[in-house]
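# Fold and geometry: a report
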Amino acid sequence: MSERVVLVGYGPVGARLVEGLLPAVRDGRIDLTVVGAESHDVYNRVLLAEYAVGRMKRDGLDLAGRAIAEEAGVRFALGTTVVGVDRGSRVVRLHDGIRIPYDRLVLATGARANVPTLAGLERAQRHRSARPAEPTALDQGASPLPRGVVALRHLADAELVRAAVSAGQRIVVLGAGVLGMELALAAAEAGAQVVVAYHSAAPMNRTLDENGGRVLAHTAAALGVEMRHHARAESIVQRYDDHGQAWFDGLVCADGSVLAGDLLVLSCGVAARTEVASLCGLATSTGVLVDAASRSWTDPDVFAIGDCAHVADPADAGPDGRVPGGPSGLVGPGWRQADRLAALLSSGVDGPAPVERPGVVMLKAEGIDVVAAGDVDADPFSHSPGCHGPQVTVWTDPARGAYVKLSTVDGVLTGFVSVGMPRTGAELTLLFERGSELPADRSSLLRLDAPDAGTAVVADPFAADATVCWCNGVSAGAIREAASAAEPTVACVKAATRAGTGCGGCVGRITELLAREVVPA
């Protein structure tokens, strides 16, 4: 008899699970039903900003697979939301009254954009205790966001940003994390007027140290983005059109300044959608609490993967009930959770937990190269002779937009920041991934970006074991094999290895690797 599996959520992570379960569906071992709030097919949400600024067409977002899944026997209930789960009866209740029985329930409900506590946005804030709503209001509070305010989490948001960019309008981006900076730089390059407002002293303060962030801000300003640091937003002001409709007109800051604009893009982080889990009594923290096998702490027949999943050991919970960590917020770990869970549900055998590679953050932007990983906040002057602590090396040239910071323990790289130094950044990424020791003369790394450096490097960034695609963990060697077995094109590599199908940040490196492999006729 088939095991009934219900998957709630049909984003990129949910789609990956469906793909992994297809052999068991075809064999009749699993009866799979997929519930999704959006009515259209799954698309790559990570690349919405690329579409919003006109760098890719709409079909470039699509993740194929639904037609194949339906042919295999998977049932889809899209454009609907779950309003309750009866774990005793093992039934999922939908907003339209339909009830779906299950043996195993998987939550891949993802995350929604945070709406900041600004005057004018109060009714748009959605509280975690709110019950699931109609599909069209899944991420809304008592009222939708005001006209001219978007969070860039859905296709409709991307269409509004795309129209503003095409018209060369003034866009205010609130928040200077990785996604906010990528959007701001790309929109400015496409011809929009862009201002970025952020509370901290420097952008990307969760990824870069302050000095690295300040160099980034200096370079972004040179590329046409107005950077407003220590800008504590308090409210929005609106204008009224000829039909009496209110539209965003400006962002008011604590110092009394008003950042005028035609569109406000909220880039203030995300929060896991945990309402369904909470309503049926599952343990939650910053996400649905699950173990390394993605199994709920509360119910062994319920699982959670992706942006809604908070992976932790129950033994790590503190006396106050707080649990360290939280959802990763990255598509790569979510995909690996989906792969492992598909194997578990298909065979009943729990395989080894995936070993997550060290997190490396790269900024996708033209005209500036930013990469960072590990411990970036170590103090250069805190290390004393005989102390077994990190040694920090810093080199900076703000006028030229260049900054490098290295943190090492016993000569091994434990963290780094590289801004405006693409070849040095690539070398440090490889050394960090391998846990290698740095050369005794640290200044030799800086020579990699010198005009007369030629092609000499300390290590080959395209060595067989070097990771090219971090989302899918694809090495340079695997890409070479895929290219040699078919045509040496990015499209063929994507189809064979999935490299480049996540955040898209590795497509340039894939292109460069393929160019090296092609022998001129």
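Residues numbered from 1 in each chain as written. Predicted model: local features only at pLDDT ≥ 70, side-chain atom pairs only at ≥ 80, totals over all residues. Heavy atoms only, no water.

### Quick word on the overall build of the protein
Tallying secondary structure elements over the protein gives 13 helices and 27 strands in all. Relative to the 2.2 N^0.38 estimate, which gives 24 Å for 521 residues, the radius of gyration of the protein is 24 Å and therefore close to what a compact globule would have. Dimensions of the protein, computed from the C-alpha atoms along their principal axes, are close to 70 × 60 × 60 Å. For the protein, with 521 residues in total, the buried portion stands at 48%. Excluding contacts between residues fewer than 6 apart, the proportion of contacts in the protein whose partners are at least 24 apart in sequence is 60%. (Helix = DSSP H or I, 4+ residues; strand = E, 2+ residues; numbered from the N terminus. Rg over C-alpha atoms; globule rule 2.2 N^0.38 Å. Buried < 20%, exposed > 50% of the residue type's maximum accessible area, 1.4 Å probe, protein only. Contact = heavy atoms within 4.5 Å.)

### Details of the packing of aromatic side chains
A complete count under the given rule lists 2 aromatic pairs for this structure. Summarising the aromatic geometry, the rings of Phe416 and Phe432 are spaced 6.0 Å apart at their centres and angled 65 degrees between planes, so their arrangement reads as edge-to-face. Placement of the pair is Phe416 in strand β25 (residues 412-419) and Phe432 in helix α9 (residues 422-434), with a sequence separation of 16 residues. Positioned above the aromatic ring of Phe76, the side-chain terminus of Arg66 is 5.5 Å from the ring centre. (Phe/Tyr/Trp six-rings, centres within 6.5 Å; stacked < 30°, edge-to-face > 60°. Lys NZ or Arg CZ within 6 Å of the ring centre and 35° of its normal.)

### Here we look at helix α6 (residues 210-222)
Given a rise of 1.5 Å per residue, 13 residues ought to cover 18 Å, and the 19 Å separating the end C-alpha atoms of α6 matches this to within 8%. Gly212, Gly213, Val215, Leu216, Ala217, Thr219 and Ala220 are the residues of α6 that are buried. Positive phi shows up at Gly224, right after α6, with a value of about 100 degrees. (Expected span 1.5 Å × (residues − 1).)

### Quick look at the sheet that holds strand β4 (residues 82-86)
An order of β4-β5-β6 is seen for the 3 strands of this open sheet, with the pairing classed as antiparallel. Each edge of the sheet is formed by a strand with only one pairing partner; in this case those strands are β4 and β6 (99-101). Direction aside, the axes of adjacent strands within the sheet are offset by 20 degrees on average. As judged from the 4 bridges shared by β4 and strand β5 (residues 91-94), these two strands associate in the antiparallel manner. Its bridge partner lying in β5, Val85 is registered against Val92. (Pairing = 2+ DSSP bridges. Axes fitted to C-alpha atoms, helices over the stretch in contact; angles between N-to-C directions.)

### Quick notes on the sheet that holds strand β2 (residues 30-36)
An order of β3-β2-β1-β7-β19 is seen for the 5 strands of this open sheet, with the pairing classed as parallel. Of all the strands in the sheet, the pair left with one neighbour each is β3 (75-78) and β19 (302-304). Each adjacent strand pair in this sheet contributes to an overall mean axis angle of 15 degrees, direction not counted. Here 4 bridges tie strand β1 (residues 3-8) to strand β7 (residues 104-107), and the two strands are oriented parallel to one another. Bridge pairing in β7 links Val8 to Leu107.

### Concerning the side chain of Ser407
Turning to its location among the elements, Ser407 is positioned in strand β24 (residues 402-409). Accessibility expressed as a relative area gives 1% for Ser407, which makes it buried. When sequence neighbours within four positions are dropped, the list of residues in contact with Ser407 reads Asp375, Ala378, Pro390, Gln391, Val392, Val412, Leu413, Thr414 and Gly415.

### Some details on unusual backbone geometry
One non-glycine residue, Met204, lies in the positive phi region at around 50 degrees. Position of Met204 among the secondary structure elements: in the loop between β11 (193-197) and α6. Residue class for Met204 comes out buried when judged on its relative accessible area of 3%. Of note in the backbone geometry, His230 takes a positive phi value of approximately 50 degrees without being a glycine. Tracing the backbone through its elements, the reader meets His230 in the loop between β12 (225-228) and β13 (233-240).

### Examining the pairing of β2
In terms of residue burial, β2 counts as a mostly covered element, since 6 of its 7 residues are buried. Where β1 lies against β2, 6 bridges are found, and the strand directions are parallel. Bridge pairing links Arg4 to Asp31 in β2. Running through helix α1 (residues 12-26), the crossover from β1 to the neighbouring parallel element β2 is right-handed. Sheet analysis places β2 next to β3, joined by 4 bridges and oriented parallel. (Right-handed = clockwise from strand over helix to strand, strands pointing away.)

### So, the side chain of Thr80
Along the chain, Thr80 turns up in the loop between β3 and β4. Thr80 sits in the buried class, given a relative accessible area of 5%. A distance of 3.0 Å separates the side chain of Thr80 from the side chain of His95, its partner in a polar contact. (Polar contact = N/O pair within 3.5 Å; in protein donor to acceptor, adjacent residues only side chain to side chain.)

### Here we look at the nonpolar core
Formed by 49 residues in total, the largest nonpolar core has its most connected members in Val161, Ile171, Met181, Val194, Val196, Val225 and Leu363. Per-element accounting of this core gives the leading share, 7 residues, to helix α5 (residues 178-189). Discounting chain neighbours no more than four positions away, the residues touching Met181 are Ala176, Val196, Pro203, Met204, Leu216, Ala220, Met227 and Leu363. Counting residues in hydrophobic clusters, the runner-up holds 45 residues, among them Leu32, Val34, Phe76 and Ile479. (Core = buried A, V, L, I, M, F, W, Y, C linked by side-chain atoms within 4.5 Å.)

### A word on the pattern of salt bridges
Applying the stated rule across the entire model yields 21 salt bridges. Residues Glu189 and Arg55 are paired through a salt bridge, measuring 2.5 Å at the closest nitrogen-oxygen approach. Here Arg55 lies in the loop between α2 (48-52) and α3 (66-72) and Glu189 lies in helix α5, a separation of 134 residues in the sequence. Ionic pairing is found between Arg400 and Asp397, a salt bridge with its closest N-O pair at 3.3 Å. One continuous salt-bridge network, built from bridges that share partners, spans Glu3, Arg90, Arg104 and Asp301. (Salt bridge = Lys/Arg side-chain N within 4 Å of Asp/Glu carboxyl O.)

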